Amino acid sequence: DGGITQSPKYLFRKEGQNVTLSCEQNLNHDAMYWYRQDPGQGLRLIYYSQIVNDFQKGDIAEGYSVSREKKESFPLTVTSAQKNPTAFYLCASSMQGRSGGYTFGSGTRLTVV
Amino acid sequence: AQKITQTQPGMFVQEKEAVTLDCTYDTSDQSYGLFWYKQPSSGEMIFLIYQGSYDEQNATEGRYSLNFQKARKSANLVISASQLGDSAMYFCAMRSNNAGNMLTFGGGTRLMVKP
């Protein structure tokens, strides 16, 4: 079955470390997105990519980096520059111009210890 | 810029009753789409219903319907015959066709269904 796989489900990071969250999709979708969700709040866009080897900053890109070397993969790195990284991270994908919205992964919960 | 407002942080509804979750939006675009997602405690985002800005009829999907009032920029979700499994966070979102297909989300409403 097609879908989006995020890993790991839970991630613990020590202060000052970089960590990378994985997002893989087999839906043949062109566009991929990373969102951050804080407890009891909505989703905020970190980065998005509409085609391979191209990506743009979203509303809260500071302290994060991404790459899009393959259509299927859009990993997110949370760098040490991100001062408050503890949050729930959701990856999504969509076809360009598709009216049906996004397909979401199951999320990664990152905690700084 | 797009903005989505959900004014109800939390709501209770009695099982088997209907409930309306409010959503207003702000955009200067003529072509856009409105979505509702359900997020249970597991964290996954479940697509519920979609309404296009040029759709003349309100969207319906099973027990979900979207009360679309374009002039008021309102897209309320109506859940009929609430079930205990409907307890979750609900998010309204908008995609502008001029904004790279990105979804902008509201802050969400936590719905709690009472037995």
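Our subject is the structure that appears above.
Residues numbered from 1 in each chain as written. Chains lettered and ligands numbered in written order. Predicted model: local features only at pLDDT ≥ 70, side-chain atom pairs only at ≥ 80, totals over all residues. Heavy atoms only, no water.

Notes on the overall build of chain A
Here is step 1: The secondary structure content of chain A amounts to zero helices and 11 strands.
Here is step 2: When its helices and strands are written in sequence order, chain A yields β-β-β-β-β-β-β-β-β-β-β.
Here is step 3: Against the 2.2 N^0.38 benchmark of 13 Å for 113 residues, chain A shows a C-alpha radius of gyration of 13 Å, consistent with a compact globule.
Here is step 4: With the C-alpha coordinates aligned to their principal axes, the bounding extent of chain A is approximately 40 × 25 × 25 Å.
Here is step 5: Per-residue burial over chain A gives 47% buried out of 113 residues.
Here is step 6: Put simply, 53% of the contacts in chain A that link residues at least 6 apart link residues at least 24 apart.
Here is step 7: Accessible surface computed for chain A: about 5500 Å², of which carbon and sulfur atoms make up 46%.
Here is step 8: Put simply, chain A has 12 plus and 10 minus side-chain charges, and the middle of one group is 5 Å from the middle of the other. (Helix = DSSP H or I, 4+ residues; strand = E, 2+ residues; numbered from the N terminus. Rg over C-alpha atoms; globule rule 2.2 N^0.38 Å. Buried < 20%, exposed > 50% of the residue type's maximum accessible area, 1.4 Å probe, protein only. Contact = heavy atoms within 4.5 Å. Areas by Shrake-Rupley, 256 points an atom, 1.4 Å probe, with all protein chains shown as cover. Lys, Arg positive; Asp, Glu negative; His and termini not counted. Charge placed at Lys NZ, Arg CZ, Asp CG, Glu CD.)

Examining the sheet that holds strand 3 (residues 19-25) of chain A
Residues and elements named next belong to chain A.
Here is step 1: Here we have four strands laid out as an open sheet, ordered 1-3-8-7, and antiparallel in their pairing. Every other strand in the sheet has two partners, leaving strand 1 (4-7) and strand 7 (64-66) as the edge strands with one partner each. Along the sheet, successive strands turn relative to each other by an average axial angle of 20 degrees, direction set aside.
Here is step 2: Pairing geometry for strand 3 and strand 8 (residues 76-78), over three bridges, is antiparallel. Counted as the bridge partner of Val 19 is Val 78 from strand 8. (Pairing = 2+ DSSP bridges. Axes fitted to C-alpha atoms, helices over the stretch in contact; angles between N-to-C directions.)

Here we look at the environment of Asn 101 of chain B
Here is step 1: Relative to the helices and strands, Asn 101 of chain B resides in the loop between strand 10 (88-96) and strand 11 (103-105).
Here is step 2: Judged by its relative accessible area of 7%, Asn 101 of chain B is buried.

Considerations on unusual backbone geometry
Here is step 1: With omega at -5 degrees, the peptide bond leading from Ser 7 of chain A into Pro 8 of chain A counts as cis.
Here is step 2: Here Pro 8 of chain A lies in the loop between strand 1 and strand 2 (10-13).

Topic: the pattern of salt bridges
Residue and element names in this part refer to chain A.
Here is step 1: Counted under the stated rule, the structure contains five salt bridges over all chains.
Here is step 2: For Lys 71, the salt bridge identified is with Asp 30, shortest N-O distance 3.3 Å. You can see Lys 71 sitting in the loop between strand 7 and strand 8 and its partner Asp 30 sitting in the loop between strand 3 and strand 4 (31-37), a full 41 residues away along the chain.
Here is step 3: One salt bridge in this structure joins Arg 44 and Asp 38, with 2.7 Å as the shortest N-O distance. (Salt bridge = Lys/Arg side-chain N within 4 Å of Asp/Glu carboxyl O.)

Quick notes on the interface of chain A and chain B
Here is step 1: Listed by partner, the interface residues are 23 residues for chain A and 18 residues for chain B.
Here is step 2: Summed over both partners, the interface of chain A with chain B buries about 1500 Å², with 54% contributed by carbon and sulfur atoms.
Here is step 3: For the pair chain A and chain B, the number of links is zero salt bridges.
Here is step 4: Across the contact surface, chain A and chain B share four residue pairs in polar contact (both at pLDDT 80 or more).
Here is step 5: Of all the elements in the fold, those that place two or more residues in the side of chain A that touches chain B are strand 4, strand 5 (43-51) and strand 9 (87-94) of chain A. (Buried area = accessible area lost by both parts, 1.4 Å probe. Polar contact = N/O pair within 3.5 Å; in protein donor to acceptor, adjacent residues only side chain to side chain.)

Here we look at the side chain of Gln 25 of chain A
Residues and elements named next belong to chain A.
Here is step 1: Looking at where Gln 25 falls in the secondary structure, it is placed in strand 3.
Here is step 2: Looking at Gln 25, the relative accessible area reads 3%, which means it is buried.
Here is step 3: At 3.2 Å, the side chain of Gln 25 forms a polar contact with the backbone nitrogen of Asn 28.
Here is step 4: Here Gln 25 is in contact with Gly 3, Ile 4, Met 32, Arg 68, Lys 71, Glu 72 and Ser 93, once residues within four sequence places are set aside.

Spatial relationships are all this shows, so hold off on functional conclusions.
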